[in-house]
Every structure is written in C-alpha cells, then in structure tokens.
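# Residue-level structure breakdown
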Amino acid sequence: MKSIILVLVFVYVAAAYELEDYTWAGFKKIHNRTYVGEEERMRKLIFEDNLRFIEEFNAQGHSYTVGVNRFADMTNLEYRQMMLGFDNEARLSKKPDNQNNYHVYSMDADDLPAKVDWRKKGIVTPMKDQGQCGSCWAFSTTGCLEGQYALKNGKLDSFSEQELVDCSTAFGNHGCQGGLMDNAYRYLKNHTEELNVDYKYTAENGKCKYDESKGVTKVKSYVDIKSGDILGLKDASANIGPISVAMDASHISLQLYLFGVYDPEFCSSTKLDHGVLVVGYGHDELDGKDYWEVKNSWGTYWGVGGYFKIAMKKNKCGICTSASYAVL
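Computed from a prediction, not measured in an experiment: that's the story for all the values here.

Following the UniProt record, one finds the feature "domain: Cathepsin propeptide inhibitor" (unreviewed entry) at residues 24-79. With 62% helix and 5% strand, residues 24-79 has end C-alpha atoms that lie 19 Å from one another.

Take helix α4 (residues 76-83) next. The periodicity of an α-helix, 3.6 residues per turn, causes residues three or four places apart in sequence to face the same way. For α4, the complete set of buried residues consists of E78, Y79 and M83. Each buried residue of α4 sits inside an arc of 100 degrees when the element is viewed along its axis, so together they form one side. Residues of α4 that are buried make contact with α3 (37-60), α10 (252-255) and β6 (274-284).

Taken as a whole, the protein shows an average pLDDT of 93; of its residues, 92% reach a score of 70 or greater. Below pLDDT 50 for its whole length, residues 1-19 participates in 14 contacts with residues either more than four positions away or in separate chains.

Turning next to the packing of aromatic side chains. Remark: the centre distance and the inter-plane angle together describe each pair of aromatic rings, the angle taken between the planes. Per the stated rule, a full pass over the model turns up 20 aromatic pairs. A centroid spacing of 5.1 Å and a plane angle of 85 degrees characterise the contact between F139 and Y201, whose relative ring orientation is edge-to-face. Residue F139 is found in helix α6 (residues 136-153), and its partner Y201 is found in the loop between α8 (181-188) and β3 (221-225); the two are separated by 62 residues along the sequence. With relative accessibility at 8%, the residue F139 sits in the buried group. Seen from their ring centres, Y281 and W292 are 6.2 Å apart, and the 85 degrees between their planes marks the pair as edge-to-face. Of this pair, Y281 sits in strand β6 while W292 is found in strand β7 (residues 289-295), placing the two residues 11 residues apart along the sequence. Relative accessible area serves as the criterion here: at 1%, Y281 is assigned to the buried category. Taking the ring centre of Y307 as reference, the NZ or CZ of R119 above it sits at 4.3 Å. The positively charged end of K226 is found above the aromatic ring belonging to Y102, 5.6 Å away from the centroid.

To continue, consider the environment of A238. Following the sequence through the fold, A238 ends up in helix α9 (residues 230-239). On a C-alpha basis, the gap between A238 and C136 in space is 23 Å, while along the polypeptide they are 102 residues apart. Here A238 is in contact with L112, P113, V116, W118 and Y281, once residues within four sequence places are set aside.

Turning our eyes to something else, we now look at the pairing of β3. In terms of burial, β3 is a largely internal element, four of the five residues being buried. Here β3 runs beside strand β9 (residues 323-327); their pairing, made up of five bridges, is antiparallel. Its bridge partner lying in β9, D224 is registered against S324.

Analysis parameters
- Residues numbered from 1 in each chain as written.
- Predicted model: local features only at pLDDT ≥ 70, side-chain atom pairs only at ≥ 80, totals over all residues.
- Heavy atoms only, no water.
- UniProt positions renumbered as here; feature names shortened; annotations may be inferred.
- Helix = DSSP H or I, 4+ residues; strand = E, 2+ residues; numbered from the N terminus.
- Buried < 20%, exposed > 50% of the residue type's maximum accessible area, 1.4 Å probe, protein only.
- Arc of directions from axis to C-beta.
- Contact = heavy atoms within 4.5 Å.
- pLDDT = per-residue confidence, 0-100.
- Phe/Tyr/Trp six-rings, centres within 6.5 Å; stacked < 30°, edge-to-face > 60°.
- Lys NZ or Arg CZ within 6 Å of the ring centre and 35° of its normal.
- Pairing = 2+ DSSP bridges.

Here is the structure:
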C-alpha cells in the first residue's frame, strides 16, 4: 500500500510541475518572469543556487519535498521581506486584552475525530494570493471569518483583505508592513466587513475607503487558544471551523516547499512571522505523522494548490503559539 501511495505522489508531482519548470527558460515562461541585463544574470544565479539546494535537500530524505515554485528566483532574504507580515514584536509587546476569552474545550481528546477537512464542508474560499505585500495576517483573518459566516448563514462569501490593510491601522496593524489577526478582529468588532467584490484587493497600502452600508458582518468577539495548546487547537479545528494561526515561516525549506508533511529540524515556536489558516488535520500514512492542514495566501503556484501540511507534534514552528478565531 505504501509503495502505491508513493507512486501516486510522484505522478502528481510530475503532472503539477513539468520538467521545464527546472530550467531557467521554463521557469520564466511558467511564472511569467521577464528580466533584462544585469537583473537577468542575477536572477538566473539565484535560481541555480536554489536548484542546488533542492537537489541536495531532497537527496537527504525528509517527510516533505522541496522544488521549483514561484519563489525559486528569490533569495531567502527577499522572500522573508516580501511575503512574511505577521508582527511578532507587536504580539510580544501588546497588553493582554482578551485574557478572559480563551477557548473552552468542546469534547474530550479521545472523542475528537481522526481527520477534519473544512474544505469538504464548503466553508473555505478558493486559494487567494497576497502578492508582494506583507498582508498574510489579513488573509488569515478573512479565512476564519469566511468560515464562521458560512457556518452561521449557509453562504460562502469572500471577504475583503484590502479593507483590513487600509483601515485597521488605528488598531495596531500596518498594512503591507505587517499586522496581527487579533488586531484585525478588534477592528471588526467596531466595523462591518465588506466583500472583495466591493473592496478589491490591490496588494499595496491604500487610503481607507470603508463604506458601512456595504458591510456584511461584524465580529461580536474573538477567542484566543492558550499559547502552545496543541489539543486546544485540535479541539477548535474540529468543532469551531478554520482557525487563524501564526508560524515561523522564515526558512528556505518552506519558501521552496512542494508537498509532504513539513517538519523541519530547526524552527522557532516563538519567532513568528507569517499568518495562515488551519483548515483541518489528519494523519499521513506514508510518513506516520499527524499534521495540520493549512491554507496559505501565496496563490496556487506554491505547495499543493496553495496548501501545505505541517507536523502536529511539539507545536512545530509555533503553529499553536498564537491561534484565535472570530465569534459572529
């Protein structure tokens, strides 16, 4: 059975990532890159350096595979500066304002389902792309809000990240320069959230154009899961819906992630820099690892259609350090 699964994985990868993706010309064609002069030479050198990392890493044998994706012509520093926008300094310095509103377990750990996937319940919107803007926190917020709204109203709508980018600065967020999901929830306790069709995403900071008459919903409150509480996040994921979380996403192994259960040897549980959305969990039969199923906001040319799995054990990369969800 294990060999059959392995074959199917390789078939999937071959279909999703053509061989020409591993040539410079093929990469530029697939990802619509146009470079000239010195920048062309520099980007090609970065691409080739990343290719060497990919080949060496995959030869070592891990529970996940790296490969050529949309970030293969970026240095790790560029990737971190452009794509990671969770404001960890603000998380560490902000005064507790939600200490009496922590997640309460819905069931005993032994009674939790073995697998959960909210995508199959129709409450997760199609994959989104934050572009070169550190607005991951806004996408994590809307992802949770969309799920809660769909569960309450039986209708899946796509909510506006740009409203949060432009308008939640008074609550401690900084648009493309970073923010916190909890700060976005605080904003949404005081303002209605508009739809993407009414307040379109631009991937850059803009002047707030909030129109209350177009707002669809507000947040009554938000709930934090106690920091590091793996079972708390599992209980919430099973019983509440998609959950906003943060993580250490700084490593080149995630930058070039392709598929499998992300389980790096070294990553931080406290130095968080990226907001994402847990949409479920499960167990990988191939590697024997329990994992979280996570929706990213980097489009479909990263990971498995934009999703990735991360090991559940030991609060890997801080995935359980700063988790929360909205209450409508």
